[in-house]
Amino acid sequence: MKHFFKQLYKNQVGFIGFCLCVFVCSLALFAPILKTHGPNKQNIRDRFEGPSTEHILGTDNFGRDLFSRVLYGYRTSLGVALISVSIATLIGSLIGLTSAYFGGFIDRFLMRFMDILLAFPIILLAIAIIAVLGSSSVNTAFAIAIVYTPIFARLSRGPALSLLSWDYVTAARALGASGSRIMFKHVTPNILAPILVQVTLSLSTAILVEASLSFLGLGTQPPTPSLGLMLSDSRDYMLLSPWVSLFSGLAILLASLGFNLFGDGLRDLLDPTLKNL
Amino acid sequence: MQKFVLSLILLFGFASAQTGTLELAVDQSPVGLDPHVVTAFSSIAVLSQIYDGLVESNADLAIEPALAESWTISDDGLSYTFNLREGVTFHNGRTMTAEDVVYSFNRIMAEETGSPQASRFSQVSSAEAADDTTVVFTLSEAFAPFLGNTANLSVVASEVVESEDIGQVAIGTGAFMLDEIVPDTYVSLVANPNYYRDMQPKVAELRYNIVPEASTRAAGLRNGTYHLLPVVDPATAQTLENVNSVSILRTQDLAYSLLGFNTTVAPFDDARVREAINMIIDREEIVEAVYFGQAEAGGPLSPGLAEWAVDTSEYSCYTTDVDKAKALLAEAGASDLSMEILSFGTNKIVSDVSQVVLAQLIDAGIDATLDVPEFGTFVQRWKNSEFDAFVSLNGGNIDPDGYLFRTFHSDGATNVYKFNDPSVDELLVQGRTQTDLDERAATYTSLQEKLACSGPISHIAYGTLLSGIANGVEGFEQNPTRSLISLRNVTVE
Amino acid sequence: MTNYIIKRIADLVFVLFGVSVLVFFMLRFIPGDAVEIMLGANVDISVERVEALRRQLGLDLPIHEQYGQWFLGLLRGDLGTSIWTGQPVATEIMARLPITLEVTLLALAFSLLVSFPIGILAASARGTWGDTIVRIISIIGLTLPSFWVGVLLLYVVSVRFPSFPAIGFVPFLEDPWGNLSRLSLPVLAVSLPIIASLSRILRSSLLEVMNADYIRTAKSKGLSARTLLYKHALRNALIPVLTIIGVQMGYLLSGVVIIEQVFAIPGLGRLIIGAISERNYPLVQGTILVVTLFFVVVNLLVDLAYAWIDPRVEYS
């Protein structure tokens, strides 16, 4: 672990990404301490203000403090992203591993089922799921999770399949190691690299999917602040007061930049064939 | 001879002076074309150009002749005789007669049509064609709003209804004829060359462009793609205000935003709780925050109905007073009030009003939450009264009865609040049967006073109807009913 | 190879069947049915009338029978009838499909056209500031939601260049210039993220290839860097780009669904979003089926092309 961080530190881009991730996550985590106003507290008289000492990033159309809303927006958006990607990673790779381990009919059935989900354009599947479940941040996270699950299933199945044919795994099998032991002890650690990289990239796209759903009125519901919803709502006021658009856009950019750079760094570190690039 | 030819050209040139296309941008495609069934504003905006009623209401909400040239009302208010214009033809060339009016009326009243207008004519016991141009309606009891309601009696051609699907074709007598519907793109109407009003319509084509995104409609008006946005939201209007090539028109809207309660759910069955919430709501703040000042706080009737509406200063509960509200809640045993407000996100005014109302309630210490389902689900729950309270926008009417009866009468068509107050019912029935204007006004004054503070609705605000119009478009006049009948007078440069 | 293709087509049929089942049943779980939405806030209607409407639309049947009927129709090539307009679903889809297809393909072509120079530039400038700048710009491209870019572009263009026709849609055959100019902004808005990811992938695959043994050998033989890049590396680097085009098509379609809303383009996206909120079951089912068919066929073609370009791939 220590070694890993040393390597990460050396890989500048990855390290910057890592720091950004830590930064935005702590903004979200410590939002209740850092906030200067209640995120939903309206003050109509102070609407559409630019940045000032009272409101660091200015105020929105209801005079709500933008800085505090960005903090809580991170909470919602990162929460949605983390929950959805975690579920997708867990269930997806479980499906992928099961598929690879058993092969045959189970493999075919599971993978075809994943293909069915993968065949839907992302946004349409998410719209349909949310229409069924109703719109809220939790349901948005759930919808995104379902959308991402097949990606992780595919991603883990391929490498697992080739690992299972390797000598040492065959040897472990011959020695009578149980299926779950082989999968978790021998296979999982070796497929972690591509999955981790995909996790970081998915985190940043999940924020975008949430934003697109909010644009269609299907994501997080007001007054809960989410970065996507704030950006989407701000389009009506772009000419009256550009601050909301600017800062919620920047907030998304910061998180996305962090995840992407961190993902790049991870890939460089974990995938030895790319080390020299 | 030359002179004759010249004058003929002049005459002819004048007669076919319908030139140009008026490009409108609206947010939604029309939902269905059956004039007796549709309720969506997007449909009515189109159909009101194609079909005519017996009368129409002008920009000052006065009733003017349309298909009926004149009318007489018997002294007891039980018999209405309409004299129809002569020589009015349907778009298919056939002459319209009194039989068509009777046919259309019967179609509205027929159960299987399922027309929402039927309840507006429930006092009519018979409609008969005395001759080709005279229709007589006989009422079972005097019903003051009847005349105004005949504006909604769209006259259809019986042979069209019988042989074709009236949900797909539209053959009326109106100034424009349906030309083409390209789904999600535009609806195009062309001028009716045989329209019964001289020199109208003035443009050759009306094109309703379907543009879902408000900022896109605004950008289109700015750069000349569109000539007219019949409805503009207040924020967009503010940004368009400074654009040289565009002007913003204003008139009082009849529609109002409201917070409605389910009066069968405790504690909202207690009038004191509803009154307390009225006191918590700061209407001025909502007018500023949601409407950008382009609205007026109002009670049960629109300030646009100047002869009827009671001034809000008369309502004690319209003065925001959180302490008094809390005392009232305590008295009702509802100090720890918690409520879920149902709302929907497809209308910006509704979505914004619910957010500000929510914040005001929370600030006053009420445990309020917002539930924003998808619109279809909202309608479902609204219709089945599955809510504590909801925020929505209600359409208006040119007659107080149109506002109040269907909303507050225990048998009212849109009484989703399940409000049941015999004294209100009595006044509502009284109001619609009174023919003496002063007596009627007195009835509605006491109704408004009764309903404003302890009725099932916290009336919030009557918006200003904002329209955006490009320079060079002349003759457009806004109508508080949101009807677009003045389009037949519009010219495009 | 033939066996492989047959197997893939069998899988494709299975996937489509699965999609049809999934869509059909998922739709029925959405609260409120077509009849209730159709009547909307119209409360004057009697219960009998509602039931009659349901019967007329076949919505009163048990759900598996409804599916059976629809499925039998599918086998005959009949996608059903739109509940609201009474038009055949196939007709409604065919009216919209070319529009969405045009935007998607234009965006794809534009993305490829732009991402190649960027990718090559970044690869050849690896490790320099230029590389880092391209990298950061491409992440920004990935970050901005297309609806927001669209609204911004629209504002800028309509204020600065009011005479540029940017809104709405006219068919290409009616007015080619009007068609292309109106589609230019939406195409730009949906292309940004695709350009960003394509150029990144191109960069890394180029670098990977340049590091491969055979290129090193060629380099040691004294071939110029230019020849190397264009004659050898680029060709091999195309393979991973090709494979991800299949995946990118999915993202692209999602982007187009959103951008149609912003620019008032009457494509499949608006058709389906409208159809979902109206609970127009046959229309949603048909549209999703057609879109997924398109999507899986593209992916199949990509896989086949992949196998054809790179003979090392096993058909399993």
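Residues numbered from 1 in each chain as written. Chains lettered and ligands numbered in written order. Predicted model: local features only at pLDDT ≥ 70, side-chain atom pairs only at ≥ 80, totals over all residues.

Regarding its fold elements, chain B presents 15 helices and 19 strands. Relative to a compact globule of 493 residues, whose C-alpha radius of gyration would be 23 Å, chain B shows 24 Å and is just as compact. Seen along its three principal axes, the alpha-carbon backbone of chain B occupies a region of about 90 × 55 × 40 Å. Of all 493 residues assigned to chain B, the portion counted as buried reaches 54%. Considering only contacts within chain B whose residues lie at least 6 apart along the sequence, 69% involve residues at least 24 apart. (Helix = DSSP H or I, 4+ residues; strand = E, 2+ residues; numbered from the N terminus. Rg over C-alpha atoms; globule rule 2.2 N^0.38 Å. Buried ≥ 20, exposed ≤ 12 C-beta atoms within 10 Å, placed from the backbone. Contact = placed C-beta atoms within 7 Å.)

When its secondary structure is counted, chain A shows 11 helices and 0 strands. Mapped in sequence order, the helices and strands of chain A form the string α-α-α-α-α-α-α-α-α-α-α. In terms of its C-alpha atoms, chain A occupies a principal-axis envelope of roughly 75 × 45 × 30 Å. Within the span of chain A, comprising 277 residues, buried residues form 54% of the whole. Expressed as a percentage of contacts within chain A between residues at least 6 apart in sequence, the contacts between residues at least 24 apart total 69%.

Residues and elements named next belong to chain B. Of note, the bond from Gln 200 into Pro 201 is cis; its omega dihedral lies within 30 degrees of zero at -10°. Locating Pro 201 in the fold gives a position in the loop between strand S9 (186–191) and strand S10 (205–210). The backbone of Asp 184 sits at a positive phi, close to 60°, despite the residue not being glycine. Mapping Asp 184 onto the fold places it in the loop between strand S8 (176–182) and S9.

Turning our attention to the pairing of S10 of chain B. Residues and elements named next belong to chain B. With 5 of 6 residues buried, S10 lies mostly within the body of the structure. Where strand S1 (residues 21–26) and S10 come together, 6 bridges link them in parallel fashion. Bridge pairing in S10 places Thr 21 opposite Glu 205. Pairing of S9 with S10, which is carried by 5 bridges, proceeds in the antiparallel orientation. Within S10, the position partnered with Val 190 by the bridge is Glu 205. (Pairing = 2+ DSSP bridges.)

A word on the sheet that holds strand S4 (residues 68–73) of chain B. Residues and elements named next belong to chain B. Overall, antiparallel pairing links the 4 strands, which are arranged S4-S5-S7-S6 in an open sheet. Each of the sheet's edge strands pairs with one partner strand only, and the pair in question is S4 and strand S6 (124–131). Shown here is a sheet whose adjacent strand axes are inclined to one another by a mean of 20°, direction ignored. Summarising the sheet, S4 and strand S5 (residues 79–84) pair through 5 bridges and their orientation is antiparallel. Residue Trp 71 lies in a different strand from S5, and its bridge partner there is Phe 82. (Axes fitted to C-alpha atoms, helices over the stretch in contact; angles between N-to-C directions.)

Take the environment of Thr 251 of chain B next. Residue and element names in this part refer to chain B. Secondary-structure assignment places Thr 251 in strand S12 (residues 246–261). The class of Thr 251 is partly exposed, set by 17 C-beta atoms lying within 10 Å. Counting along the chain gives 156 residues from Thr 251 to Thr 95, while the straight-line C-alpha distance between them is 37 Å. Those residues in contact with Thr 251 that sit more than four places away from it in its chain are Leu 465, Gln 478 and Pro 480.

Contact with chain A, which involves 31 residues of that partner, is made by 37 residues of chain C. No other element matches helix H6 (residues 122–133) of chain A, which puts 7 residues into the side of chain A that touches chain C.

Interface size is often expressed as the accessible area that is lost when the parts come together. Chain C puts 32 residues into the contact, and the matching count from chain B is 36 residues. Elements that contribute at least two residues to the side of chain C that touches chain B include exactly helix H2 (34–39), helix H7 (146–160), helix H10 (225–263) and helix H11 (268–277) of chain C.

Another aspect to go through is the packing of helix H5 (residues 104–119) of chain A against helix H1 (residues 2–29) of chain C. Close contact between H5 of chain A and H1 of chain C brings their axes to 9 Å; oriented N to C, the two are set at 65°. Here the hand of the crossing between H5 of chain A and H1 of chain C comes out right-handed. Between H5 of chain A and H1 of chain C, the residues in contact are Arg 112, Phe 113, Asp 115, Ile 116 and Ala 119 of chain A and Asp 11, Phe 14, Val 15, Gly 18, Val 19 and Leu 22 of chain C, respectively. Its residues assigned to classes, the contact of H5 of chain A with H1 of chain C comprises 7 nonpolar, 1 polar and 3 charged. (Left-handed = near helix turned anticlockwise from the far one by under 90°. Nonpolar A, V, L, I, M, F, W, Y, C, P; charged D, E, K, R; others polar.)

A word on the domain arrangement of chain B. Residues and elements named next belong to chain B. Each assigned domain of chain B is listed here: domain 1 (52–157) and domain 2 (256–464). Here domain 1 and domain 2 have C-alpha centroids that lie 33 Å from each other. Listed per partner, the contact involves 10 residues of domain 1 and 11 residues of domain 2. Taken together, the residues of the side of domain 1 that touches domain 2 sort by class into 5 nonpolar, 4 polar and 1 charged. (Domains from an automatic or database assignment.)

In globular proteins that are soluble, nonpolar side chains generally tend to be buried together. Core analysis: the biggest nonpolar cluster contains 228 residues, and Ala 126, Ile 127 and Ile 144 of chain A have the highest contact counts within it. When neighbours within four sequence positions are excluded, Ala 126 of chain A is seen to be in contact with Ala 143, Ile 144, Val 147, Val 209 and Leu 213 of chain A. Counting 72 residues, the second-largest nonpolar core is a separate cluster that includes Phe 62 of chain A together with Phe 387, Leu 427 and Ala 461 of chain B. (Core = buried A, V, L, I, M, F, W, Y, C linked by C-beta atoms within 7 Å.)

Residues and elements named next belong to chain B. In the predicted model, chain B carries a mean pLDDT of 90, and 97% of its residues have values of at least 70. Mean pLDDT per element in chain B: helix H1 (residues 2–15) is the minimum at 46, and strand S11 (residues 228–229) is the maximum at 96. The low-confidence segment residues 1–15 (pLDDT under 50) makes 0 contacts with residues lying over four places distant or belonging to another chain. Taken over the whole predicted complex, pTM reads 0.87, whereas the ipTM for its chain interfaces reads 0.83. (pLDDT = per-residue confidence, 0-100.)

All names here are of chain A. Two elements in contact, helix H7 (residues 137–164) and helix H9 (residues 179–215), have axes separated by 10 Å at closest approach and are oriented at 160°. The angle between the axes of H7 and H9 places the two elements in the roughly antiparallel class. Our pair here, H7 against H9, has a crossing hand that is right-handed. Contact with H7, carried on its side by Thr 140, Ile 144, Tyr 148, Ile 151, Phe 152, Leu 155, Ser 156, Pro 159, Ala 160, Leu 163 and Leu 164, involves Val 187, Asn 190, Ile 191, Pro 194, Ile 195, Gln 198, Ser 202, Ala 206, Val 209, Glu 210 and Leu 213 of H9 and no other residues of that element. Tallied by class, residues from the contact of H7 with H9 come to 16 nonpolar, 5 polar and 1 charged. (Parallel < 35°, antiparallel > 145°, perpendicular 65-115°, else oblique.)

With that settled, consider the environment of Phe 18 of chain A. Residue and element names in this part refer to chain A. Note that Phe 18 resides in helix H2 (residues 12–29). For the pair Phe 18 and Arg 108, spaced 90 residues apart in sequence, the C-alpha to C-alpha distance is 38 Å. Ignoring sequence-local partners within four residues, the contact set of Phe 18 consists of Leu 8, Phe 262 and Gly 265.

Attention now moves to the pairing of S8 of chain B. Residues and elements named next belong to chain B. Taken together, the 6 bridges between S8 and S9 define a ladder with antiparallel strand orientation. Across the sheet, the residue bridging to Met 177 is Val 190, located in S9. The turn linking S8 back onto S9 is made up of 3 residues, and Asp 184 within it adopts a positive phi angle of 60°.

Taking 1.5 Å as the rise per residue, H1 of chain C with 28 residues should run 40 Å; its terminal C-alpha atoms sit 41 Å apart, in good agreement. Taken together, the buried positions of H1 of chain C are occupied by Val 15, Val 19, Ser 20, Val 23, Phe 24 and Leu 27 of chain C. (Expected span 1.5 Å × (residues − 1).)

Right, let's talk about the environment of Ala 143 of chain A for a bit. All names here are of chain A. The topology assignment puts Ala 143 in helix H7. Taking the C-alpha atoms as reference points, Ala 143 and Ser 84, separated by 59 residues in sequence, lie 7.8 Å from one another. What Ala 143 contacts, discounting residues up to four positions off in sequence, is Ala 126, Ile 129 and Ile 130.

So, on to the confidence of the model for chain A. Mean pLDDT for chain A: 85, with 97% of residues reaching 70 or above. Highest mean pLDDT in chain A belongs to helix H4 (residues 66–102) of chain A (93); lowest belongs to helix H1 (residues 2–10) of chain A (74).

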